[in-house]
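Topology and contacts: notes
Here is how the chains run, residue by residue.
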Amino acid sequence: MKIFYIKYPSKKTVWLLAIAALLALILLIFALMKTVSVFNTNEPIYRGDTKEKKIAFACNVAWGDEYIPKMLDIFEKNDVHITFFFEGKWAEKNPDVVKEIYRKGHEIGSHGYSHIKYTSLSKEDCEKDIKKSEEVLEKITGEKPTLFAPPYGDFNEQVVKIAEELGYKVILWSLDTIDWSNPSPQTIVERVMNKCHNGAIVLMHPTKNTVEALPEIIKQLKEKGFKITKVSEVIVDKK
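Residues numbered from 1 in each chain as written. Predicted model: local features only at pLDDT ≥ 70, side-chain atom pairs only at ≥ 80, totals over all residues. Heavy atoms only, no water.

Going by an unreviewed UniProt entry, the chain carries the name Polysaccharide deacetylase and comes from Caldanaerobacter subterraneus subsp. yonseiensis KB-1.

Following this line, the structure appears as structure tokens:
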């Protein structure tokens with residue numbers, strides 16, 4: 001008669017197997033979280049690729065045109081091309097200005113048709129306002145804009161989702177000049193230089209003090225080795 005002995009694993013082996021199973025579970029959870037984040041695109045873009053020493057200027061235009069010619073002269077002199085986000089209603093009244101900016105090689109983005117908080121709009125009105133701005137800008141430049149900067153930086157998941165469904169990337173910023181509050185040119189320079197970083201999207205407007213600050217900002221950024229460019233050239237496509 002043969003007797004068979006069942007050899008049970010040692011406590012050490014059991015612990016090792018338990019630890020291995022726990023690690024596998026943790027890795028699975030992280031993998032699932034990563035998958036969810038890849039497909040959850042209903043978020044705006046605040047900054048670009050941090051691996052490259054590039055900075056994008058984003059100029060929102062919804063009022064005034066008196067400082068734009070000087071701004072364009074500064075950019076041309078320094079071989080800089082940026083992104084202008086136009087309110088459709090403003091662009092409709094100033095098509096020649098928009099056309100000239102586009103002709104000079106700058107990127108044209110949408111700032112919506114009306115300078116209104118999109119979170120206060122219904123889904124239908126939100127979609128209608130973005131499309132109306134698109135029609136105006138495309139008529140002027142012959143090209144459909146693909147970047148959308150919501151007025152006031154105001155958004156929610158619905159706003160981003162609608163914009164993305166219409167073929168836009170929603171753009172915010174990682175560095176704000178706050179030039180609308182009429183700070184001195186030197187303050188604007190310091191706000192940019194104290195926080196400049198790879199992939200930064202710098203928000204500005206065509207104001208008197210911004211125009212006065214631009215030459216020094218461009219000079220200092222170039223001295224630091226940054227390339228100043230359009231938003232589309234720094235952002236990473238998240239889709």
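Side note on the overall build of the chain
Helix and strand counts for the chain stand at eight helices and eight strands. With 239 residues in all, the chain has 43% of them scored as buried. A separation of at least 24 residues holds for 78% of the contacts in the chain among residues at least 6 apart in sequence. Summing over all exposed atoms, the chain offers an accessible surface of approximately 13800 Å²; the carbon and sulfur share of this is 57%. (Helix = DSSP H or I, 4+ residues; strand = E, 2+ residues; numbered from the N terminus. Buried < 20%, exposed > 50% of the residue type's maximum accessible area, 1.4 Å probe, protein only. Contact = heavy atoms within 4.5 Å. Areas by Shrake-Rupley, 256 points an atom, 1.4 Å probe, with all protein chains shown as cover.)

Re the confidence of the model for the chain
Scored by pLDDT, the chain comes out at a mean of 88, with 82% of its residues at no less than 70. Across residues 31-40, where pLDDT falls below 50, the model places one contact with residues more than four positions away in sequence or in other chains. (pLDDT = per-residue confidence, 0-100.)

Considerations on the packing of helix 4 (residues 95-103) against helix 5 (residues 123-141)
Between helix 4 and helix 5, the shortest axis-to-axis distance is 9 Å and the interhelical angle comes to 65°. As for how helix 4 packs across helix 5, the hand of that crossing is right-handed. When helix 4 is examined against helix 5, the residues Pro95, Val98, Lys99 and Tyr102 are found in contact with a partner set consisting of Leu137, Ile140 and Thr141. Of the residues belonging to the contact of helix 4 with helix 5, the class tally is five nonpolar, one polar and one charged. (Axes fitted to C-alpha atoms, helices over the stretch in contact; angles between N-to-C directions. Left-handed = near helix turned anticlockwise from the far one by under 90°. Nonpolar A, V, L, I, M, F, W, Y, C, P; charged D, E, K, R; others polar.)

With respect to the packing of aromatic side chains
For the structure shown, the criterion picks out five aromatic pairs. Aromatic pair Tyr118 and Phe148: ring centres 5.4 Å apart, planes at 50°, arrangement tilted. Here Phe148 lies in strand 4 (residues 147-148) and Tyr118 lies in the loop between strand 3 (107-110) and helix 5, a separation of 30 residues in the sequence. There is no split in this pair, since Tyr118 and Phe148 are both buried. Between the aromatic rings of Phe148 and Tyr168, the centroid separation amounts to 6.3 Å while the plane-to-plane angle is 65°, which identifies the pairing as edge-to-face. You can see Phe148 sitting in strand 4 and its partner Tyr168 sitting in the loop between helix 6 (157-165) and strand 5 (169-170), a full 20 residues away along the chain. (Phe/Tyr/Trp six-rings, centres within 6.5 Å; stacked < 30°, edge-to-face > 60°.)

Here's the deal with helix 8 (residues 208-223)
Compared with an ideal rise of 1.5 Å per residue, which puts 16 residues at 22 Å, helix 8 spans 24 Å between its outermost C-alpha atoms and is within 8% of the ideal. The principal kink in helix 8, of about 35°, is found at Leu214, preceding the proline Pro215 by one to four residues. Among the residues of helix 8, those classed as buried are Asn209, Thr210, Val211, Ala213, Leu214, Ile217, Ile218 and Leu221. Along its buried surface, helix 8 packs onto strand 1 (54-61), helix 2 (68-77), helix 7 (185-195), strand 7 (200-204) and strand 8 (227-229). Gly225 occupies a position one or two residues after helix 8 and carries a positive phi of about 90°. (Expected span 1.5 Å × (residues − 1). Bend = angle between axes of the 7 residues up to and from the residue.)

Notes on the pattern of salt bridges
Summed over all chains, the structure comprises nine salt bridges. Linking Arg103 and Glu100 is a salt bridge whose minimum nitrogen-to-oxygen distance equals 2.9 Å. In this pair, Arg103 and Glu100 both sit in helix 4, three residues apart, roughly one turn of the helix. Residue class for Glu100 comes out partly exposed when judged on its relative accessible area of 27%. (Salt bridge = Lys/Arg side-chain N within 4 Å of Asp/Glu carboxyl O.)

Remarks on the pairing of strand 2 (residues 83-86)
Side chains Thr83 and Phe85 project from strand 2 onto one buried face, and the interleaved Phe84 and Phe86 project onto a second face that is buried too. As judged from the four bridges shared by strand 1 and strand 2, these two strands associate in the parallel manner. The residue of strand 2 that forms the bridge with Val61 is Phe86. You can see the chain leave strand 1, run along helix 2 and come back into strand 2, and the turn it takes is right-handed. Examined bridge by bridge, strand 2 and strand 3 share four bridges and lie parallel to one another. Following the sheet pairing, Thr83 is matched in strand 3 by Glu107. (Pairing = 2+ DSSP bridges. Right-handed = clockwise from strand over helix to strand, strands pointing away.)

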